[in-house]
Amino acid sequence: MQHDMTSHEIRKKWNHRHSQADGIGEPAKVLIENLHLLPQSGSILDLACGRGGNALYLAEKTRLSIDAWDISDVAVNRVESEAKIRGLSVNTQVRDISLSPPKPNSFNAIVTTHFLDRALAPALIDALCLGGLLFYQTFTQTAVGSGGPSNPKICLGEGELLKLFQHLRLRVYREEGALGDVKRGWRNLAMLVAEKV
Ligand SMILES: C[S@@+](CC[C@H](N)C(=O)[O-])C[C@H]1O[C@@H](n2cnc3c(N)ncnc32)[C@H](O)[C@@H]1O
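Residues numbered from 1 in each chain as written. Predicted model: local features only at pLDDT ≥ 70, side-chain atom pairs only at ≥ 80, totals over all residues. Heavy atoms only, no water.

1. Looking at helix H3 (residues 53–61)
- The buried count for H3 comes to 7 of 9 residues, which makes it a mostly enclosed element.
- Listed in full, the buried residues belonging to H3 are Gly 53, Asn 54, Ala 55, Leu 56, Tyr 57, Leu 58 and Ala 59.
- Tucked into the core, H3 has its buried residues touching helix H2 (29–32), strand E1 (43–47), strand E2 (65–70), helix H4 (73–86) and strand E4 (107–113). (Buried < 20%, exposed > 50% of the residue type's maximum accessible area, 1.4 Å probe, protein only. Helix = DSSP H or I, 4+ residues; strand = E, 2+ residues; numbered from the N terminus. Contact = heavy atoms within 4.5 Å.)

Below, the structure written as structure tokens:
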């Protein structure tokens with residue numbers, strides 16, 4: 001994704017953004033709409049967790065063991081302090097996931113939202129245990145209206161999540177592009193839930 005930048009530069013950039021932002025961020029639709037697909041027990045990783053919208057939602061709604069990793073220590077500190085305030089348990093790590101991806105067979109589910117490192121796709125598949133689920137949601141190059149990243153390289157091409165994760169069994173996919181009445185629907189993003197079989 002950002003191979004032209006060092007870890008240090010990426011951290012600096014995101015620390016700045018997170019320190020300017022309020023709150024923890026909303027949980028992603030891919031998680032809210034498909035929460036019922038998660039197992040009753042096991043582990044889930046919120047990869048590139050930001051300020052913890054997904055991880056804290058999972059901690060509130062499930063009994064899973066939750067890990068949340070991000071390169072930004074500002075973001076990770078925010079997740080930790082919010083978890084403490086709410087009395088929730090989240091295992092956090094400040095980690096460059098492009099340099100140190102999760103180990104093979106280490107999670108029952110992985111969620112990653114609004115983050116795209118195409119080169120990580122094989123490591124994410126490896127990191128899932130058999131039967132594990134990947135929840136992915138991020139921006140598409142086809143966008144209606146403004147918002148989302150201005151750099152198309154960090155946005156998905158048409159059907160790209162389907163290609164990146166073609167070796168997983170597809171369970172949910174949504175990408176509306178610019179079809180029909182663009183004032184309605186769920187736009188500028190694609191979501192996928194897929195299972196390792
Ligand atoms: C747009 S934010 C998304 C945060 C959260 N997933 C969400 O949907 O609200 C992208 C996140 O990716 C993190 N990030 C970028 N590069 C990373 C890397 N190499 N390793 C770990 N985290 C990274 C940033 O610090 C930032 O928190």
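Read on for the rest.
2. Some words on the site of the ligand
- The ligand sits among 17 residues. The nearest are His 18, Ala 48, Asp 70, Thr 113 and His 114.
- Interatomic distance of 2.7 Å between a backbone N/O atom of Ala 48 and a nitrogen atom of the ligand.
- Protein burial of the ligand: of its 590 Å² of free accessible surface, 88% is covered by the chains.
- When residues of the shell around the ligand are assigned to their parent elements, the largest contribution, 3 residues, is made by helix H1 (residues 7–20).
- Grouping the amino acids of the shell around the ligand by side-chain chemistry returns 7 nonpolar, 7 polar and 3 charged. (Near = heavy atom within 4 Å. Polar contact = N/O pair within 3.5 Å; in protein donor to acceptor, adjacent residues only side chain to side chain. Areas by Shrake-Rupley, 256 points an atom, 1.4 Å probe, with all protein chains shown as cover. Nonpolar A, V, L, I, M, F, W, Y, C, P; charged D, E, K, R; others polar.)

3. Section: unusual backbone geometry
- A positive phi is found at His 114, a non-glycine position, where the angle reads about 60 degrees.
- Inspection of the secondary structure assignment puts His 114 in the loop between E4 and helix H5 (121–127).
- Owing to a relative accessible area of 38%, His 114 belongs among the partly exposed residues under this scheme.

4. Here we look at the packing of aromatic side chains
- Counted by the stated rule, this structure contains 2 aromatic pairs.
- Relative to Phe 107, the ring of Trp 69 has its centre 5.9 Å away and its plane inclined at 75 degrees; by these criteria the two rings are edge-to-face. Of this pair, Trp 69 sits in strand E2 while Phe 107 sits in strand E4, placing them 38 residues apart in sequence.
- Relative to Phe 165, the ring of Tyr 136 lies with its centre 5.6 Å away and its plane at 40 degrees, an arrangement referred to as tilted. Placement of Tyr 136 in strand E5 (residues 128–139) and of Phe 165 in the loop between helix H6 (160–164) and strand E6 (169–175) is noted, with a sequence separation of 29 residues between them. Each member of the pair Tyr 136 and Phe 165 is classed as buried.
- The side chain of Arg 17 reaches across the aromatic face of Trp 14, ending 4.7 Å from its centre.
- In this arrangement the basic side chain of Arg 95 is found over the ring face of Trp 69, its NZ or CZ atom lying 3.9 Å from the centre. (Phe/Tyr/Trp six-rings, centres within 6.5 Å; stacked < 30°, edge-to-face > 60°. Lys NZ or Arg CZ within 6 Å of the ring centre and 35° of its normal.)

Worth remembering: the numbers are spatial, not functional.
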